[in-house]
Amino acid sequence: MPEVRLPARILRRFVEALDSNLGAEAFSAVLEKAGLPPEWAQPEHFGPLDDARSAEIYARLQAALRTYYGRGARGILMRIGAKLWAALLSEAPFALRTQAPLVRRLPLALRRKAALELLARILSAREGDLAIHTLDVNLLVVDHASPSALGQSESAPICYVTLGLLREALYWAVGEEHDIEEINCRAAGAAECKFKIIIGA
């Protein structure tokens, strides 16, 4: 199995979003309870990291939030994911940024998959990390890398940040909320993480 990677720029944006949503004091408390380095609350600390180490820290931070907030972590991490979309799109490579207005000019029926493919290219450390498939009228996102689940073992799916990103990318594309479910998660023993997007009634 290939080494799990996450672009370091995504980790930095994730830490920025955590700091702004939790506040510095609460973020420090989360790190302290988990026994994680206090400097992890500083986005600039992660500048020189390689993508493999970024993936590891990304997963450990999410695990720390799940431990600290319990059931409340799901909503917090989904909000973080939603806020990440605009930040990641704004700093994406030029070729991807220029695709964004084209996606929003497509016919409605084509916009959802195009938006998810754009998100997949932004999130992937290597080509093919995320794949988008059509299931009749619905869509399936397969996350082969699954950095949120790296080193985690849980009884239920835990990729809440990815859920938030998917929801926000779809809302950005079509202006509608979508029912999205993580139907498989590597943390719960699956081979990869899968997200089903319900479009048809």
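Before reading further, recall that the structure is shown in the block above.
No experiment lies behind these values; they were computed from the predicted model shown.

### Concerning the sheet that holds strand β1 (residues 130-135)
One open sheet holds the four strands; their spatial order is β1-β2-β4-β3, and the pairing between them is antiparallel. Edge positions in the open sheet fall to β1 and β3 (179-184), since each of these has one partner strand only. Neighbour to neighbour, the strand axes of the sheet diverge by 25° on average, direction disregarded. Bridge count between strand β2 (residues 138-143) and strand β4 (residues 193-198): five bridges; the pairing is antiparallel. Across the sheet, the residue bridging to aspartate 143 is cysteine 193, located in β4. Packing of helix α7 (residues 108-123) onto the sheet brings it into contact with β1, β2 and β4, and relative to β1 it is tilted by some 165°. Helix α8 (residues 160-174) contacts β2, β3 and β4 of the sheet and is inclined by roughly 145° relative to β3.

### Notes on empty space enclosed by the protein
Sizing a probe to match a water molecule and rolling it over the atoms shows the empty space that remains. Taken as a whole and judged by the stated rule, the model has one cavity of 30 Å³ or more. Put simply, the largest cavity is a space of about 120 Å³. Around the largest cavity, the lining is made up of 15 residues, and of these Leu6, Leu123, Leu130, Asp143 and Pro147 lie nearest the centre.

### A closer look at the environment of glycine 70
Turning to its location among the elements, glycine 70 is positioned in the loop between α3 (51-69) and α4 (73-90). Classification of glycine 70 by relative accessible area gives partly exposed; the value is 38%. With 44 residues separating them in the primary sequence, glycine 70 and alanine 114 have C-alpha atoms 34 Å apart.

Cut-offs and rules
- Residues numbered from 1 in each chain as written.
- Predicted model: local features only at pLDDT ≥ 70, side-chain atom pairs only at ≥ 80, totals over all residues.
- Heavy atoms only, no water.
- Pairing = 2+ DSSP bridges.
- Helix = DSSP H or I, 4+ residues; strand = E, 2+ residues; numbered from the N terminus.
- Axes fitted to C-alpha atoms, helices over the stretch in contact; angles between N-to-C directions.
- Contact = heavy atoms within 4.5 Å.
- 1 Å grid on protein atoms, 1.4 Å probe; cavity = no way out; pocket = protein on both sides within 12 Å on 5 of 7 lines; lining within 4 Å.
- Points joined across faces, edges and corners; volume = space filled by probe spheres on them.
- Buried < 20%, exposed > 50% of the residue type's maximum accessible area, 1.4 Å probe, protein only.

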